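Below are the chains, spelled out letter by letter.
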Amino acid sequence: MTTTLASLTHTSAVARLGHALSDPTRAAVLLALREAPGYPADLAEALGVSRQALSNHLACLRGCGLVESVPDGRRSSYRLADRHLAPALDMLLRVTLIVEPDCCSDEGCTC
C-alpha cells in the first residue's frame, strides 16, 4: 500500500478543522449545521449559549472556512461552507464511538 504525504494545504485544512472541533460549542454548531442551515438566535437557544458567545464561535468558524453566512432579508443564516463537511462529520462521529465507546458515560467523561 502506497501512502501519499499530505500537502501543506491539506495539513492546514485538517489543522483548521481540529481547531474548530477543539471547542465543544464550535463542535456543536458544526454538528447542528450538518442537518440544515440555522439562524444564530436559534442556534444559541438550541445550544444553551448566549448570542454573543455564539457570534464569536461563528466568527471563528467563518475564519476557518467551515461555515458561511447567507443573507436572508434583514437576517443571515449559517450553513456549512462545503458539501463534503456534513458526511465527514458523520464519519468522524462513527470513528470516535468506535475508538473509545465507553469513554464518556452518564456520570461524566473519563477521557
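Let us look at the structure shown here. (Residues numbered from 1 in each chain as written. Predicted model: local features only at pLDDT ≥ 70, side-chain atom pairs only at ≥ 80, totals over all residues. Heavy atoms only, no water.)

As for the overall build of the chain
For the chain, the helix and strand inventory stands at five helices and four strands. Each helix and strand of the chain, placed in order from N terminus to C terminus, yields the pattern α-α-α-α-β-β-α-β-β. Looking at the chain as a whole, 23% of its 111 residues qualify as buried. When the accessible surface of the chain is totalled, it reaches about 7900 Å², and 57% of it is carbon and sulfur. (Helix = DSSP H or I, 4+ residues; strand = E, 2+ residues; numbered from the N terminus. Buried < 20%, exposed > 50% of the residue type's maximum accessible area, 1.4 Å probe, protein only. Areas by Shrake-Rupley, 256 points an atom, 1.4 Å probe, with all protein chains shown as cover.)

Remarks on the packing of helix H1 (residues 8-21) against helix H2 (residues 24-33)
Direction vectors running N to C along H1 and H2 enclose 105°, while the axes themselves pass 6 Å from each other. With respect to their mutual orientation, H1 and H2 come out roughly perpendicular. Residue-level inspection shows His19, Ala20 and Leu21 of H1 in contact with H2, the latter providing Arg26, Ala27 and Leu30. When the residues that make up the contact of H1 with H2 are grouped by side-chain class, the tally is four nonpolar, one polar and one charged. (Axes fitted to C-alpha atoms, helices over the stretch in contact; angles between N-to-C directions. Parallel < 35°, antiparallel > 145°, perpendicular 65-115°, else oblique. Contact = heavy atoms within 4.5 Å. Nonpolar A, V, L, I, M, F, W, Y, C, P; charged D, E, K, R; others polar.)

Concerning the nonpolar core
One finds Leu30, Leu33, Leu61, Leu66, Val67 and Leu80 to be the most contacted residues of the largest nonpolar core, which totals 17 residues. Where this core is concerned, the elements lending two or more residues are H2, helix H3 (40-47), helix H4 (51-63), strand S2 (75-80) and helix H5 (85-99). In this view, leucine 80 contacts Leu30, Leu33, Arg34, Leu66, Val67, Glu68, Leu85 and Ala86; residues no more than four positions away in its chain are not counted. (Core = buried A, V, L, I, M, F, W, Y, C linked by side-chain atoms within 4.5 Å.)

Re the environment of aspartate 72
Mapped onto the elements, aspartate 72 comes out in strand S1 (residues 67-72). Residues aspartate 72 and tyrosine 39 lie 33 residues apart in sequence; the distance between their C-alpha atoms is 9.7 Å.

The analysis is restricted to geometry; functional conclusions fall outside its scope.
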